[in-house]
Amino acid sequence: MKRSERLVAMTHYFLNNPKTLSSLPYFVEEYQAAKSSISEDIDIIDNMFRQMGIGELKTVAGAAGGVQYIPDISNDQATTIVEHLISQLEDPSRILPGGYVYMSDLLGHPTYIREIGQVFASAFEHSEIDYVVTVATKGIPLAYAVAQVIGVPVVIIRRDPKVTEGSTVSINYVSGSSRKIQTMVLAKRSIEEGSNVLIVDDFMKAGGTIQGMKSLMHEFNANVKGIGVLAEAEDEEEDRKVQDYISLIRVMEVDEIQQTIKVEKGNYFN
């Protein structure tokens, strides 16, 4: 295999196996190349990843060491992605009754959702995450996008139990916006006890749903290592039940009478 071919193959491997520690002998055997050549290839790929602002290759020394791809994204790239989202969301045709903003098309668009996943993954790149957790249904594409980048499974909390999931754990929680008591359910075998989880959701008003997810994770003795929301509502900040979180955008004002939406960058950029 020529070096140019090997570089393409190794780049593909790293991008599809983020945070996976792979030994140099693995690459030597896989690509039938000398260890010195593989080391040079890794340096070339690492330099290119850094120049592109998409992460780095981290080398771990020792007998059990190797190299792993740590995804990241530059602040300029994140700014470009989020500013484009803001321009989309400030379209008055997105205004829904009750001061909500229509976002389902963005959450269903592969390009947008992939970019959002990359930004969130960079925000939690230094956290040890075992699962990405969300609640059905609109947060599911976002959760998969983040999990794809950091290379961990997705766990979906549901409103109602499913017979196909076996025994479950359920809790009641108070919705932050409607103040209604609602239920969350998760199969017992979904998460191993003591796991580290990242909670993500598409939209947060008062934070009741996310607080409910935190309470449910407590039932599994799981450690909540981070909370990420695509959009937060500014008008609910004083009554917010959750304080330690990262948001990409902040919906400052939705005026149904004037048909205007004001959106700003979230606290990710603080």
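Quick note: structure is the one above.
Remember, it's a predicted structure, so these values are computed and weren't measured experimentally. (Residues numbered from 1 in each chain as written. Predicted model: local features only at pLDDT ≥ 70, side-chain atom pairs only at ≥ 80, totals over all residues. Heavy atoms only, no water.)

A.B. asks: Which parts of the structure should I look at to understand the overall build of the chain?
C.D. replies: Each helix and strand counted, the chain has 8 helices and 12 strands in total. Along the three orthogonal principal directions, the C-alpha set of the chain runs to about 65 × 45 × 30 Å. The burial tally for the chain puts 47% of its 270 residues in the buried class. Considering only intrachain contacts with a sequence separation of at least 6, the fraction spanning at least 24 residues in the chain is 60%. (Helix = DSSP H or I, 4+ residues; strand = E, 2+ residues; numbered from the N terminus. Buried < 20%, exposed > 50% of the residue type's maximum accessible area, 1.4 Å probe, protein only. Contact = heavy atoms within 4.5 Å.)

A.B. asks: What exactly am I supposed to notice about the packing of aromatic side chains here?
C.D. replies: For any pair of aromatic rings, geometry is given as the distance between the ring centres together with the angle between the planes. Across all of its chains, the model carries 9 aromatic pairs by this definition. Note on Tyr-13 and Tyr-26: the rings are 5.5 Å apart at their centroids and 35 degrees apart in plane angle, and the pair reads as tilted. Of this pair, Tyr-13 sits in helix H1 (residues 3-16) while Tyr-26 sits in helix H2 (residues 24-31), placing them 13 residues apart in sequence. What makes Tyr-26 partly exposed here is its relative accessible area of 32%. Each ring, one from Phe-14 and one from Phe-27, has its centre 5.4 Å from the other, and the planes form 45 degrees; the classification is tilted. (Phe/Tyr/Trp six-rings, centres within 6.5 Å; stacked < 30°, edge-to-face > 60°.)

A.B. asks: For this particular structure, what's the right way to read the nonpolar core?
C.D. replies: Side chains of a nonpolar character, in soluble globular proteins, are inclined to be buried together. Within the largest apolar cluster, 44 residues are counted, with the highest numbers of intra-cluster contacts made by Val-132, Leu-230 and Leu-248. In terms of residues, this core owes the most to one element, helix H7 (residues 140-150), which gives 7 residues. Setting aside chain neighbours within four positions, we find Leu-248 in contact with Val-82, Ile-116, Val-119, Phe-120, Val-229, Leu-230, Lys-265, Gly-266, Tyr-268 and Phe-269. Core analysis: the next-biggest nonpolar cluster, separate from the first, contains 24 residues, Val-135, Val-169, Ile-199 and Val-242 among them. (Core = buried A, V, L, I, M, F, W, Y, C linked by side-chain atoms within 4.5 Å.)

A.B. asks: Would you explain the side chain of Gln-68 in this entry?
C.D. replies: In this structure, Gln-68 sits in strand E2 (residues 66-71). Gln-68 sits in the buried class, given a relative accessible area of 13%. Engagement of the side chain of Gln-68 in a polar contact is seen with the backbone oxygen of Lys-19, the distance being 3.1 Å. The residues touching Gln-68, leaving out its near neighbours within four places in the chain, are Lys-19, Thr-20, Leu-21, Glu-56, Leu-57, Lys-58 and Val-60. (Polar contact = N/O pair within 3.5 Å; in protein donor to acceptor, adjacent residues only side chain to side chain.)

A.B. asks: Is there a simple way to explain the environment of Ile-249 in this structure?
C.D. replies: Its place among the elements puts Ile-249 in strand E11 (residues 246-255). In the structure, Ile-249 is positioned 233 residues away from Asn-16 in sequence and 28 Å away in space, judged by C-alpha atoms. Once residues lying within four places of it in the same chain are set aside, the contact partners of Ile-249 are Val-82, Ile-86, Leu-89, Leu-230, Ala-231, Glu-232, Val-263, Glu-264, Lys-265 and Gly-266.

A.B. asks: Can you walk me through unusual backbone geometry in this structure?
C.D. replies: The phi torsion of most residues other than glycine is negative, and most of the peptide bonds are trans. A cis amide bond links Ala-136 with the next residue in sequence, Thr-137, at an omega value of 15 degrees. Among the structural elements, Thr-137 can be located in the loop between strand E5 (131-135) and H7. Here Asn-221, not a glycine, exhibits a phi torsion of approximately 55 degrees, which is positive. Positionally, Asn-221 belongs in the loop between helix H8 (208-219) and strand E10 (223-233). We classify Asn-221 as partly exposed; its relative accessible area is 42%. The phi dihedral of Gln-259 falls on the positive side, at around 55 degrees, and the residue is not glycine. On the secondary structure map, Gln-259 appears in the loop between E11 and strand E12 (260-265). Owing to a relative accessible area of 38%, Gln-259 belongs among the partly exposed residues under this scheme.

Coordinates in, geometry out; function isn't part of it.
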